[in-house]
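Understanding the architecture of this molecule
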Amino acid sequence: MEEEVMLQIGNALVSLDLAERFFCCDLEACKGQCCIDGDAGAPVTEEEVGQIEGALQVVSRYMLPSGLEEVAKRGCSYVDSEGDLVTTIVDGRDCVFTCRGEGGVCLCAIEKARRLGETDVEKPISCALYPLRLTDYPTFTAVNYHRWNICRSAEEHGKKTGIRLYQFLEGPLTRRFGREWYEELVLACETYLEESGK
C-alpha cells in the first residue's frame, strides 16, 4: 500500500487535500448540516468550554429551547465514548449551540453573538476548521480533510469560484497555527500545485 505524501509545515503534517481540493461552503445548499448531523458533539478544549460558559448569558439568547434545556441539564460539554471532550448535543445529534437563520439554515449561536459584537468568544476551533480534522500526536499534529457527502456542494462551489481548501480556511488555520505558519503553508501548496500541474 502506497504511503500518503503529506506536507510538513512546522510541527504539522498536512494532507495534500488542502492544496488539491476545491472547497467553499454553500450554506444555501447544505443548510449547515454539519452542525446537526453526527453522533457526538464538536471537540473542544477545557479552555474553550470555560470561555463558552463565561459567555453563555449572551450566547443563550440565540440558542434553541431544546439546546438551552440540554445545557441546563448536562452543561456545555461532556466526554464522549472515545474519551474526547465535546460540545453537548440534543437527541444524540444536534449541537446545543445550533440556531436557525433564513431559509432554515443552521448557524452557530456562539458565532452569531460574536458577529453581533456581543462577545469576543469564538466558536470552537474544531468547528471553525471543519472539514479539517486535527489529530495531536506527541511530536506532531496531523491535519486531514474529512470527506463527507454533505460537503459535496462545497466542493462544487469551490470549483466554480476557484477557491481551494487551504485558501477557504485561511482564518481558522491562522487562528490555530499562526500567520507565519499559514504563509508557509500557502507557499508549500502553491509550489506543489505548480510542480504537479494540478
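Further up the page is the structure itself.
Sequence order as written defines residue numbering, which begins from 1 separately in each chain. Thresholds applied to this predicted model are a pLDDT of at least 70 for local features of residues and 80 or more for the giving and counting of side-chain atom pairs; totals over whole chains, interfaces and linings are not thresholded and use all residues. Values shown for side chains rest on all heavy atoms present in the structure; no hydrogens or waters enter the calculation.

1. Notes on the packing of aromatic side chains
By convention here, two paired aromatic rings are described through the distance between centres and the angle between planes. Inclusion rule: To pair, rings of Phe, Tyr and Trp, with the six-membered ring standing in for Trp, must have centres within 6.5 Å; the planes then decide the type, stacked if under 30 degrees apart, edge-to-face if over 60, and tilted in the middle. Three exposure classes are used, based on accessible area relative to the maximum for each residue type with a 1.4 Å probe and protein chains only: buried under 20%, partly exposed in between, and exposed over 50%.
Scanning the model with the defined rule gives four aromatic pairs in all. Between the aromatic rings of Tyr137 and Phe140, the centroid separation amounts to 4.8 Å while the plane-to-plane angle is 25°, which identifies the pairing as stacked. Of the residues examined, Phe140 reaches a relative accessible area of 28% and is grouped as partly exposed. When the ring of Phe177 is compared with that of Trp181, the centres are 4.0 Å apart and the planes differ by 20°; the resulting orientation is stacked. Considered together, Phe177 and Trp181 belong to a single accessibility category, that of buried residues. Site record: aromatic cluster; members linked through ring pairs are Phe23, Tyr145 and Phe168.

2. Some remarks on helix 11 (residues 179–196)
How we decide: By definition, any uninterrupted DSSP run of H or I lasting at least four residues is a helix, any uninterrupted run of E lasting at least two residues is a strand, and each is numbered from the N terminus. One fewer than the residue count of a helix, multiplied by 1.5 Å, yields its expected span. It only takes one pair of heavy atoms within 4.5 Å for two residues to be counted as in contact.
With 18 residues, helix 11 ought to run about 26 Å at 1.5 Å a step, and its terminal C-alpha atoms sit 26 Å apart, in line with that. Turning to helix 11, its buried residues are Trp181, Tyr182, Leu185, Val186, Ala188, Cys189, Tyr192 and Leu193. Buried positions along helix 11 lie against strand 1 (6–9), strand 2 (12–15), helix 1 (17–20), helix 9 (165–168) and helix 10 (170–177). Immediately downstream of helix 11, the backbone of Gly197 shows phi near 70°, a positive value.

3. Topic: the side chain of Thr119
Our working definition: Contacts described as polar in this section are N or O atom pairs within 3.5 Å, which, within protein, must combine one atom able to donate a hydrogen with one able to accept it, while residues neighboring in sequence count only if both atoms come from side chains.
Note that Thr119 resides in the loop between helix 6 (109–115) and helix 7 (125–129). Residue classification places Thr119 among the buried residues on the basis of a relative accessible area of 15%. A polar contact is formed between the side chain of Thr119 and the backbone nitrogen of Val121, at a distance of 3.1 Å. When sequence neighbours within four positions are dropped, the list of residues in contact with Thr119 reads Ala55, Ile110, Ala113 and Arg114.

4. A word on the pairing of strand 1
The cut-off we apply is this: When DSSP locates at least two bridges between a pair of strands, those strands are taken to pair.
Residues Leu7 and Ile9 of strand 1 are buried on one face, while the alternating residues Met6 and Gln8, pointing to the opposite face, are not. One ladder, built from four bridges, connects strand 1 with strand 2; its direction is antiparallel. Along strand 2, the bridge assignment pairs Leu7 with Val14. Between strand 1 and strand 2, which pair antiparallel and follow one another directly, the connecting turn spans two residues, one of which, Gly10, has a positive phi of 60°.

5. A word on unusual backbone geometry
Along the chain, Tyr130 connects to Pro131 via a cis peptide bond; the corresponding omega equals 20°. Relative to the helices and strands, Pro131 resides in the loop between helix 7 and strand 9 (132–136).

6. Some points on the pattern of salt bridges
Put simply, the rule is: By convention in these notes, a salt bridge is any Lys or Arg side-chain nitrogen within 4 Å of a carboxyl oxygen on Asp or Glu.
Taken as a whole and judged by the stated rule, the model has 13 salt bridges. For Arg147, the salt bridge goes to Asp17, with nearest N and O atoms at 2.7 Å. Residue Arg147 is found in the loop between strand 10 (141–145) and helix 8 (152–161), and its partner Asp17 is found in helix 1; the two are separated by 130 residues along the sequence. With a relative accessible area of 49%, Arg147 lands in the partly exposed category. Asp17 gets classed as buried once you look at its relative accessible area, which sits at 8%. A salt bridge links Arg61 to Glu118; the nearest nitrogen and oxygen atoms lie 3.2 Å apart. Of this pair, Arg61 sits in the loop between helix 4 (56–59) and helix 5 (65–74) while Glu118 is found in the loop between helix 6 and helix 7, placing the two residues 57 residues apart along the sequence.

7. A closer look at the sheet that holds strand 10
The strands making up a sheet are joined through hydrogen bonds of the backbone, oriented either antiparallel or parallel. Short version of the rule: Under this scheme, a helix contributes an axis fitted over its contacting stretch, all axes are lines through C-alpha atoms, and angles between N-to-C directions fall in the 0 to 180 degree range.
Taken in spatial order, the four strands of this open sheet run 1-2-10-9, and their pairing is mixed. Strand pairing shows two members of the sheet lacking a second neighbour, strand 1 and strand 9, which therefore form its edges. Put simply, the sheet's adjacent strands are angled 20° from each other on average, direction ignored. Of the strand pairs in this sheet, strand 9 and strand 10 are connected by five bridges, and their pairing is antiparallel. When the sheet's bridge partners are listed, Leu134 is paired in strand 10 with Val143. Of the strands in this sheet, strand 1 and strand 2 touch helix 11, which is tilted by about 145° from strand 1.

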